[in-house]
Amino acid sequence: MEQQKFKKVMNAGDVLVMAFGAMIGWGWVVSSGKWIQSAGVLGTIIGFVIGGVMIYFVGLAYAELTAAMPQCGGEHIFSYKAFGTIGSFICTWAIILSYIGVVCFEACSLPTIIQYVFPGFLKGYLYTVAGFDIYATWVLAAVVSSILITLINIRGVKAAAILQTILTASIAIVGIFLVAASIINGSPSNLEEQIIVGEGIIGSIKNVLSVAIVAPFFLFGFDVIPQTAEEINIPLKKIGRILLFSIICAVAFYALVVFAVGYAMDIQEITVSSAETGLVTADAMAKVFKNKAMAKVLLIGGMCGIITSWNSFLIGGSRAIYSMAEFYMIPHMFARLHPKYQTPVNALILVGGLSVISPFFGRSMLVWISDTASFACCLAYCMVALSFVVLRKKEPAMKRPYQIRHYKLAGILAVVMSGIMVVMYLLPGSGYTLLTQEWGIAVGWALLGICFFIVSKRKYKNKFGRNEDEKIMDTYASQGDRNG
């Protein structure tokens, strides 16, 4: 049996903050007002609960599969067992695009928030890309941040987890301050006319569902847990529980923020804030503390959210690339581990390098990449859900330390829910249909994948995906005996 390559250094707390931090980005700062205007305070909370249930069913599939196959690569391993080399390549190639897209987008989001906190931040105009003006200070902040986060990750997942814990704690503290101050200084009268927004019952249901449909896209990120499964030092059964708990925590966080904003500001104030700054959550923070400086404190919390998401997806992307390279599906050089820190150094440099380059293309262009990445993530989720269903029939005797009940119903719902998210990007008029530029990125990424597939298969011949099934089964048997 192959010896463990990664250091098992992550404890239960590290795993939780890694997943939770990935799901809590910048959306809670900029989108809460829009959600409340669309569906009302209670309507938004109901919508997020519904969206959370959609993601939870996908999470159930991930929870069982991760505990059963605790190997670096997550989706790569699950889909290989279910569909073989081609299915595994498609699924993993899609999730890699998802991770890279988020990392590059967050690299550009961070200096944008710095601009909100320090209005005079932008200096040294360089050029304009797709209507977005690029400044020297903006690029410098993004590049330096990218290098620092990449270096931290090269030094080990534990170092990255410590950073994640500090930043996630900062987000939690800011959120607690907002909710507590809102309860103390807010008023139930502010909820009038914005409990549930809509004309009649049908209109209200439509508006609630409009939030429910978009909510899952703010809950991506729990899937970084299976990517780091080999580096987690807790019983396998507990991994699945933490994964699911992280989804519940993220839904609760979004729900509490929405309640706090609606309890602090009435419908007119939210409308004005949305039109003037677009930072409704920050304006709510300033109002309940009766101090405009507190708006910047909340924005710093949002900045922490960007970094936690960025950090988690950098970890996930590098492990997915490593997993493919380890089995010769892409250049094997990306399977190299750092001799001292035992991290996939070349894969980290690749993803980190792309995040260094990305600011030079401007934030507008990266919105296209981010949207395409979300579509790729939904596709990977759907393939994992299908893998879960297939493996229950194909491998009924597989050791499953975390085994979910009513697997047929859960599996069908996971496939349907993730399938709906995929269809939203393809269906005209859904509000999430891919733009022409985004289709170009998706097709270009697919063609690049086909090239890697063909070239790697010709170059590595019998090594392409070699002995993977045997290696996986050996790993399951060993770890199942120890941790089951």
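Residues numbered from 1 in each chain as written. Predicted model: local features only at pLDDT ≥ 70, side-chain atom pairs only at ≥ 80, totals over all residues. Heavy atoms only, no water.

## Describing the overall build of the protein chain
Inference 1: If you tally the helices and strands in the protein chain, you get 18 helices and two strands.
Inference 2: In terms of overall size, the protein chain behaves like a compact globule, its C-alpha atoms giving a radius of gyration of 22 Å where 484 residues would be expected to give roughly 23 Å.
Inference 3: Principal axes of the C-alpha set define a box for the protein chain whose edges measure 65 × 55 × 40 Å.
Inference 4: Within the protein chain, counting contacts between residues at least 6 apart in sequence, those at least 24 apart form 82% of the total. (Helix = DSSP H or I, 4+ residues; strand = E, 2+ residues; numbered from the N terminus. Rg over C-alpha atoms; globule rule 2.2 N^0.38 Å. Contact = heavy atoms within 4.5 Å.)

## What to know about the confidence of the model for the protein chain
Inference 1: Residue-level pLDDT values for the protein chain average 91, and 95% of them are 70 or greater.
Inference 2: Ignoring residues within four places in sequence, the model shows residues 473-484, a span with pLDDT below 50, making 21 contacts including any to other chains. (pLDDT = per-residue confidence, 0-100.)

## Here's the deal with the pattern of salt bridges
Inference 1: Enumeration over the complete set of coordinates arrives at six salt bridges.
Inference 2: A salt bridge links Glu-64 to Arg-392, with the nearest nitrogen and oxygen atoms 2.8 Å apart. Of this pair, Glu-64 sits in helix H4 (residues 41-68) while Arg-392 sits in helix H15 (residues 363-394); the two residues are 328 residues apart in sequence, bridging distant segments of the chain.
Inference 3: A salt bridge links Glu-269 to Lys-287, with the shortest nitrogen-to-oxygen separation between them at 2.8 Å. One end of the pair, Glu-269, is in helix H11 (residues 267-276); the other, Lys-287, is in helix H12 (residues 280-289), with 18 residues separating them in the sequence. (Salt bridge = Lys/Arg side-chain N within 4 Å of Asp/Glu carboxyl O.)

## Quick word on the packing of helix H7 (residues 157-185) against H12
Inference 1: Taken N-terminus to C-terminus, the directions of H7 and H12 make an angle of 55 degrees; their axes are 9 Å apart at the nearest point. One finds that H7 runs oblique with respect to H12. Read as a crossing pair, H7 and H12 show a hand that is left-handed. Contacts between H7 and H12 involve Val-174, Phe-177, Leu-178, Ala-181, Ser-182 and Asn-185 on the former and, on the latter, Thr-281, Ala-284, Met-285, Val-288 and Phe-289.
Inference 2: Taken together, the residues of the contact of H7 with H12 break down into eight nonpolar, three polar and no charged. (Axes fitted to C-alpha atoms, helices over the stretch in contact; angles between N-to-C directions. Parallel < 35°, antiparallel > 145°, perpendicular 65-115°, else oblique. Left-handed = near helix turned anticlockwise from the far one by under 90°. Nonpolar A, V, L, I, M, F, W, Y, C, P; charged D, E, K, R; others polar.)

## Some points on H4
Inference 1: Taking 1.5 Å per residue, 28 residues should reach 40 Å; H4 reaches 40 Å between its end C-alpha atoms and fits that length.
Inference 2: In terms of residue burial, H4 counts as a mostly covered element, since 22 of its 28 residues are buried. (Expected span 1.5 Å × (residues − 1). Buried < 20%, exposed > 50% of the residue type's maximum accessible area, 1.4 Å probe, protein only.)

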